[in-house]
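Geometric and topological summary
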Amino acid sequence: QIQLKESGGGSVQAGGSLRLSCVATGSPWTSYSMGWFRQGSGEEREGVAAVDSDGRATYIDSVKGRFTVSRDKAANTLSLQMNSLTREDTGVYYCAAVPVNWVTIQSMARYMADFGTWGQGTQVTVSS
């Protein structure tokens, strides 16, 4: 069974940067898409960025131009470079994987309930 583990979370001042990483192990899938989701206190979990099996990256509007998602398929890793962080970016960030070849962050969110696997999450705190 696939397992995901995130790292790189922490506390930063507004305007700062963090880089999150995720490693996937034990995957039984031939191909899959990966992404990042986050959940703030008292808020619903939302998709942030995704990379599908073809390497296409998609983002939610609020992070476009600030976040960059990168996937190393050979190493089974996923990264999220977060720049110009704001207080609204605070939350627990989860790595996710789903055995679907082509996704957007919007469609990946719909697939996760039936087909996806979540990491344990890593806390990101941005202070103003």
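Up top you'll find the structure we're talking about.
Residues numbered from 1 in each chain as written. Predicted model: local features only at pLDDT ≥ 70, side-chain atom pairs only at ≥ 80, totals over all residues. Heavy atoms only, no water.

Some details on the state of the cysteines
Cut-off, in case you're wondering: Disulfides are defined as cysteine sulfur pairs within 2.5 Å. Numbering goes from the N terminus for both helices and strands, where a helix is a DSSP run of H or I of at least four residues and a strand is a run of E of at least two.
The tally for this structure, following the rule as stated, stands at 1 disulfide. A sulfur-sulfur distance of 2.1 Å marks the disulfide that ties Cys22 to Cys95. Judged by the sign of its S-S torsion, about -80°, the cystine formed by Cys22 and Cys95 is left-handed. With Cys22 in strand 3 (residues 18-25) and Cys95 in strand 9 (residues 91-98), the pair connects residues that are 73 residues apart, well separated along the chain.

Digging into the packing of aromatic side chains
Formally: Pairing of aromatic rings covers Phe, Tyr and Trp, the last through its six-membered ring, and needs centres within 6.5 Å; plane angles under 30 degrees mean stacked, over 60 mean edge-to-face, and all others mean tilted. Only protein chains enter the accessibility calculation, which uses a 1.4 Å probe. A residue is then buried if its area is under 20% of the maximum for its type, exposed if over 50%, and partly exposed in between. To sit over a ring, a charge needs its Lys NZ or Arg CZ within 6 Å of the ring centre and within 35 degrees of the ring normal.
On inspection of all chains with the given rule, the structure shows 2 aromatic pairs. With a centroid separation of 4.9 Å and an interplanar angle of 80°, the aromatic rings of Phe37 and Trp118 are classed as edge-to-face. A residue pair is termed long-range when its members are at least 10 positions apart, and Phe37 in strand 4 (residues 33-39) and Trp118 in strand 10 (residues 117-118) qualify at 81 residues. The class for Phe37 is buried, based on a relative accessible area of 3%. Taking the relative accessible area as the measure of exposure, Trp118 reaches 31% and is therefore partly exposed. Three or more aromatic residues joined by ring pairs form one cluster here, namely Phe37, Tyr94 and Trp118. Lying over the aromatic face of Tyr94, Arg45 brings its terminal NZ or CZ to 3.8 Å of the ring centre. Lying across the ring of Trp118, Arg45 places its NZ or CZ 4.4 Å from the centre.

These results come straight from atomic positions and should not be treated as a statement about function.
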